[in-house]
Amino acid sequence: MAPTAPIVNAMSVDVEDYYQVSAFDAVVSRDTWDRLESRVEANSERLLRLFDDCGVKATFFVLGWVAERHRALVARIVAAGHEIASHGYGHRLIYEQSPEEFRADLRRSKGILEDASGTRVRGYRAPSYSITKRSLWALDVLVEEGFDYDASIFPVHHDRYGIPDAPRDIHLVQRSRGALLEVPPSTVRLGGVNLPIAGGGYFRLLPFWWTRWGIARVNQVERWPVIFYLHPWEVDPDQPRLRASALSRFRHYRNLRKTEPRLRALCREFRFAPIAEVLRTAMPAAAPSTVAANAGGAP
Ligand SMILES: [Zn+2]
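Counting its secondary structure elements, the chain contains 11 helices and 11 strands. Relative to a compact globule of 299 residues, whose C-alpha radius of gyration would be 19 Å, the chain shows 18 Å and is just as compact. Referenced to the eigenvectors of the C-alpha coordinate spread, the extents of the chain come out at roughly 50 × 45 × 40 Å. The proportion of buried residues among the 299 residues of the chain is 58%. A separation threshold of at least 6 residues defines the contact pool for the chain, and within that pool the share at least 24 residues apart is 76%. The averaged location of the 35 negative side-chain charges in the chain is 5 Å from the averaged location of its 40 positive side-chain charges.

Put into C-alpha cells, the structure is as follows:
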C-alpha cells in the first residue's frame, strides 16, 4: 500500500435487540425476552440498507439467541457481502460465567451462526466488552474453539469493562494453546489517557466532530485502521422505553435520532470494510489463516 493511500477502517455491528443490552439486565429478565416486541430484524435491515447505499461492508457480531430466531436475517447479511461473527449466545458477561459456561455459550453461538450463514465464524466480541483482567482466560477458550480474532478488550476505564493499559492497536496475542489477533475498539491517546472515539454511546453522546477528528487522527498520525462499532437499536428512535436507572437511560436513549445521519456522513468520509478484510490488509504477517495454521501446532 502506498504511504498516502487512505486507510481502510473496520465497520462492525453487534446484533442484539434493545432489551438485551447489559445495562438493562436488572430490569428485563431473560425469560421475558421472547415476549417482548422484537425490533432487531427491522433495525438490522435499516443498517443493511444504509451500508448498501454507501458501499460499505461490515462485520456483524450476531447474538446466537437472535440468529436462532431470525435465520433469514443472517442469510441476508451474508448475501449482502458482510462478515458474520459471534457475539455469544445469551449475552452474558464473561466475568460472570465460569470458563465451562463460557465455552458452552460460545460453541452454541458458533454452531447456530455457521449453520445459518454457511460460513466459518472466525471472530468474537464479548457482550459489553467483558473480557477484562479477571476474565482473560476467555482468550484461551477462544483459541481452543478455533477463533482467529477477538474484538472484546476495550483499552479504557469504564464501570463495566476495559483494560486501560491494554495495547490500543491490532495485535497478536500468544496464549499457551495458540495465538489469536486482538482487535480493540479504537481510542486516541491524549495526556496519557486512552479516550474512546469510535462507536456505540461515544458516537451518539459526544459531539460528532470528536469521532471524525479521532478517526482522522488514528488514520493519519498512527496509520492504523479504526475499529468502529454500533448496534441495530441505535438507529431506532421509536423503540419502547424501559424503566432503568437514569444513567442507563441516558446512555441508551440519548441522541438515537442522530445515529443514522451521522453514520451516513461517516461512511461517505472514511473507508470501511469487514474486520477479516482489514486484518488481511493491516496484519498480512498474522492474517487469520496464518494464525489458524499456527494454532494447529506449528511453532
Ligand atoms: Zn451486546
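This brings us to the coordination of the zinc ion. Within the protein, Glu16 (OE), His87 (NE2) and His91 (NE2) serve as the donor atoms for the zinc ion, at 1.9 to 2.1 Å. Sequence spacing among the residues donating to the zinc ion works out to E-x70-H-x3-H. Histidine 91 sits in the buried class, given a relative accessible area of 2%.

Any two aromatic rings considered together are summarised by their centre-to-centre distance and by the angle between their planes. For the structure shown, the criterion picks out 20 aromatic pairs. Taking the centre distance of 5.9 Å and the plane angle of 70 degrees together, the rings of phenylalanine 102 and tryptophan 137 count as edge-to-face. Taken as a pair, phenylalanine 102 in helix 4 (residues 99–117) and tryptophan 137 in helix 5 (residues 137–144) lie far apart in primary sequence, 35 residues in all. With relative accessibility at 0%, the residue phenylalanine 102 sits in the buried group. According to the relative accessible area criterion, tryptophan 137 is partly exposed, its value standing at 23%.

Here we take up the environment of alanine 75. Mapped onto the elements, alanine 75 comes out in helix 3 (residues 71–79). For the pair alanine 75 and glutamine 239, spaced 164 residues apart in the sequence, the C-alpha separation amounts to 25 Å.

Another aspect to go through is the nonpolar core. Counting residues in hydrophobic clusters, the biggest one holds 71 residues, and the most contacted among them are Met11, Phe51, Phe60, Leu142, Phe228 and Leu263. Discounting chain neighbours no more than four positions away, the residues touching phenylalanine 60 are Val13, Val15, Leu48, Phe51, Ile77, His82, Glu83, Ile84 and Ala85. Judged by nonpolar contacts, the second largest core, of 14 residues, contains Phe61, Tyr149, Ala273 and Met283.

Before going further, it helps to examine the packing of helix 7 (residues 208–222) against helix 9 (residues 256–269). Packing of helix 7 against helix 9 leaves a shortest axis separation of 11 Å and a crossing angle of 20 degrees. One way to sum up the angle between helix 7 and helix 9 is to call them roughly parallel. Taken as a pair, helix 7 and helix 9 cross one another with a handedness that is right-handed. Between helix 7 and helix 9, the residues in contact are Phe208, Thr211, Arg212 and Ile215 and Arg262, Ala265, Leu266 and Glu269, respectively.

Before going further, it helps to spend a moment on a nonpolar patch on the surface. Together, Leu190, Trp209 and Trp213 make up a nonpolar patch on the protein surface, roughly 320 Å² of accessible area in all. With respect to the secondary-structure elements, leucine 190 resides in strand 8 (residues 187–190). With relative accessibility at 32%, the residue leucine 190 sits in the partly exposed group.

Rules and cut-offs
Residues numbered from 1 in each chain as written. Predicted model: local features only at pLDDT ≥ 70, side-chain atom pairs only at ≥ 80, totals over all residues. Heavy atoms only, no water. Helix = DSSP H or I, 4+ residues; strand = E, 2+ residues; numbered from the N terminus. Rg over C-alpha atoms; globule rule 2.2 N^0.38 Å. Buried < 20%, exposed > 50% of the residue type's maximum accessible area, 1.4 Å probe, protein only. Contact = heavy atoms within 4.5 Å. Lys, Arg positive; Asp, Glu negative; His and termini not counted. Charge placed at Lys NZ, Arg CZ, Asp CG, Glu CD. Donors = N, O, S within 2.8 Å, 3.2 Å for Na, K, Ca; no water. Phe/Tyr/Trp six-rings, centres within 6.5 Å; stacked < 30°, edge-to-face > 60°. Core = buried A, V, L, I, M, F, W, Y, C linked by side-chain atoms within 4.5 Å. Axes fitted to C-alpha atoms, helices over the stretch in contact; angles between N-to-C directions. Parallel < 35°, antiparallel > 145°, perpendicular 65-115°, else oblique. Left-handed = near helix turned anticlockwise from the far one by under 90°. Patch = residues over 30% accessible without salt bridge, like charges linked within 9 Å, V, L, I, M, F, W, Y side chains within 5 Å. Areas by Shrake-Rupley, 256 points an atom, 1.4 Å probe, with all protein chains shown as cover. Salt bridge = Lys/Arg side-chain N within 4 Å of Asp/Glu carboxyl O.

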